Amino acid sequence: MNMSPNKLSLEPLLAHWKAAEDRPVKYQRLTEAFTACIRSGAYAPGGHLPKETEICAALPVGLSTVQKALAQMVEEGLVVRRRKLGSFIAEASNQVPEVHIYRFTDPVTGDEMMPFTRVLRVSRVQTSSFGPLLADFDADEVMRIDRLVWVTGESPAFSSFYIRREYTEDMPDNRTETLHGASYHRILWERYGIRIARVRHAACAELLSRTACDALDLAAPHVGMLWDAYEFDRDDRLQIVQRFELPRGHRPMQLVERKSVL
């Protein structure tokens, strides 16, 4: 990382602070302003942030508010702190850490294995048709993306991915060829500034859906593992629901939480 002594200007931060006036909580407003500076390119990777006291002097906020906002940015991988040097904008490769990553593990070595994904279909669905699975969405309709998920040399699992329609306006129904292997967390961040802050899980042994059985070439009924993941942003708003359907005997799957390396 560039450790240039030249500090970033406070002017972009002041402008985005004013633009985020609808945020009633000051540390959230400050976090939003910082995020906007990074997304707009005003604060480039390696940039040296002004001192906390300088930020306090420029904005109507106290030191604790600045520290809380910076801590949030560090947690999200947007800012790194260097002892005795200060705070810096993280490198671009670290600005969209896949904090909540689904991985398969090698049962012998324990090594993580990066999965491949292939999109089968994209469709609009009514949340009311899916009962408890989509009940926490504050929307009548979402986009559903059905995928196969696998690691080299292994049979696939089936995944249904549900995301808000406003983030998929340029994603026509059934256009799948450009979505294979896509990172929707990265899309949410780079296009909309949305980051996943927490995930709630539910898993059980259950009959796999007819759609999953057809996609996996399984004879129905088939009892396997259902794993639901509900992904919320920093405002605790549900952004993504994923349902994984794993047939019997499938390779173990786990959630790996990564933090930026400081």
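Keep in mind the model is a prediction, meaning the values are calculated, not measured. Residues take numbers from 1 onward in each chain, read along the sequence in its written order. Selection of residues for local features in this predicted model requires a pLDDT of at least 70, selection of side-chain atom pairs for listing and counting requires 80 or more, and totals for whole chains, interfaces and linings are taken over all residues. The side-chain figures draw on all heavy atoms in the structure; neither hydrogens nor water molecules are used.

Caption draft 1: Geometry of the overall build of the chain. Counting from the N terminus, the helices are the DSSP runs of H or I reaching at least four residues and the strands are the DSSP runs of E reaching at least two. If you tally the helices and strands in the chain, you get 6 helices and 11 strands. Relative to its 262 residues, the chain shows a buried fraction of 45%. In what follows, a contact means two residues having at least one pair of non-hydrogen atoms within 4.5 Å. A separation of at least 24 residues holds for 66% of the contacts in the chain among residues at least 6 apart in sequence. For accessible areas, the Shrake-Rupley method is used with a probe of radius 1.4 Å. Any residue's cover is judged against the shown protein chains and nothing else. Summing over all exposed atoms, the chain offers an accessible surface of approximately 13,300 Å²; the carbon and sulfur share of this is 50%. Three labels apply to residues, based on accessible area from a 1.4 Å probe with only protein chains included: buried if under 20% of the type maximum, exposed if over 50%, partly exposed otherwise in between.

Caption draft 2: Here's a closer look at the pairing of strand β10 (residues 238–246). With 8 of 9 residues buried, β10 lies mostly within the body of the structure. The criterion for strand pairing is that DSSP finds at least two bridges linking the strands in question. Bridge count between strand β7 (residues 157–164) and β10: 6 bridges; the pairing is antiparallel. Bridged to Ser160 within β10 is Arg243. Across 8 bridges, the pairing between strand β9 (residues 223–233) and β10 is antiparallel. Within β10, the residue paired with Ala229 across the bridge is Gln242.

Caption draft 3: Spatial organisation of the nonpolar core. The criterion is simple. A nonpolar core is a set of buried Ala, Val, Leu, Ile, Met, Phe, Trp, Tyr and Cys residues joined through side-chain atoms within 4.5 Å. Among the nonpolar cores identified, the biggest contains 23 residues, and Leu13, Leu30, Phe34, Tyr43 and Leu49 are the most heavily contacted of them. Among the elements of the structure, α1 (11–19), α2 (26–40), α3 (52–58) and α4 (63–75) are those that each provide at least two residues to this core. Among all residues touching Phe34, those that are not within four sequence positions of it are Leu13, Tyr43, Leu49, Ile55, Leu70 and Met73. Residues Val119, Val122, Tyr167 and Ile240 belong to the second largest nonpolar core, which totals 14 residues.

Caption draft 4: The arrangement of the packing of aromatic side chains in detail. When the centres of two rings from Phe, Tyr and Trp lie within 6.5 Å, Trp using its six-membered ring, the rings pair. Their planes under 30 degrees apart give stacked, over 60 give edge-to-face, and anything left gives tilted. Taken as a whole and assessed by the stated rule, the structure comprises 4 aromatic pairs. Between Phe130 and Tyr162, the aromatic rings sit 5.5 Å apart at their centres with planes inclined by 65 degrees, giving edge-to-face as the arrangement. Of the two residues, Phe130 sits in the loop between β5 (116–126) and β6 (141–150) while Tyr162 sits in strand β7, which places them 32 residues apart along the sequence. Using a relative accessible area of 2% as the deciding quantity, one classes Tyr162 as buried. The aromatic ring of Trp17 is capped on one face by Arg29, whose charged end is 4.0 Å from the ring centroid. For a Lys NZ or an Arg CZ to count as sitting over a ring, it must be within 6 Å of the ring centre and within 35 degrees of the ring normal. Of note, Arg200 hangs over the ring of Tyr230, and the distance from its end group to the ring centre comes to 4.4 Å.

Caption draft 5: Molecular detail of the side chain of Arg147. Relative to the helices and strands, Arg147 is located in strand β6. The sign given to each residue is positive for Lys and Arg and negative for Asp and Glu; His and the chain ends receive no count. Each salt bridge in this description consists of a side-chain nitrogen of Lys or Arg and a carboxyl oxygen of Asp or Glu lying within 4 Å of one another. The buried charged residue Arg147 lacks any salt bridge, with Glu231 as its nearest oppositely charged partner at 7.8 Å. Any pair of nitrogen or oxygen atoms within 3.5 Å is treated as a polar contact; in protein, a donor-acceptor pairing is required on top of that, and neighbouring residues in sequence qualify only through side-chain atoms on both sides. Polar side-chain contacts of Arg147 include one of 3.1 Å to the side chain of Gln242.

Caption draft 6: How the structure looks around α2. In this model α2 runs 21 Å from its N-terminal to its C-terminal C-alpha over 15 residues, within 8% of the 21 Å that 1.5 Å per residue would give. Of the surrounding secondary structure, the elements contacted by the buried residues of α2 are α1, α3, α4, β2 (86–89) and α5 (184–192). Multiplying one less than the number of residues by 1.5 Å gives the expected span of a helix.

Caption draft 7: Focus on the pattern of salt bridges. Overall, the coordinates contain 12 salt bridges when judged by the stated rule. Notably, a salt bridge pairs Arg165 with Glu141, separated by 2.4 Å at the nearest N-O pair. Here Glu141 lies in strand β6 and Arg165 lies in the loop between β7 and α5, a separation of 24 residues in the sequence. When its relative accessible area of 25% is taken as the criterion, Arg165 is described as partly exposed. The class of Glu141 is partly exposed, set by a relative accessible area of 23%. Between Glu166 and Arg237 there is a salt bridge; the shortest N-O distance is 3.9 Å. Residue Glu166 is located in the loop between β7 and α5, and its partner Arg237 is located in the loop between β9 and β10; the two are separated by 71 residues in the primary sequence. Note on Arg237: relative accessible area 32%, which makes it partly exposed.

Caption draft 8: Summary view of the sheet that holds strand β8 (residues 196–207). An order of β5-β6-β7-β10-β9-β8 is seen for the 6 strands of this open sheet, with the pairing classed as antiparallel. With one partner strand each, in any of the chains shown, β5 and β8 form the two edges of the open sheet. Recorded for the sheet is a direction-independent mean angle of 20 degrees between the axes of neighbouring strands. Where β6 lies against β7, 8 bridges are found, and the strand directions are antiparallel. Residue Arg147 lies in a different strand from β7, and its bridge partner there is Ser159. The strands touched by α5 are β5, β6, β7, β8, β9 and β10; relative to β10, the strand with the most contacts, the crossing angle is about 170 degrees. Axis definition: a line fitted to C-alpha atoms, over the contacting stretch in the case of helices. Angles run 0 to 180 degrees between N-to-C directions.

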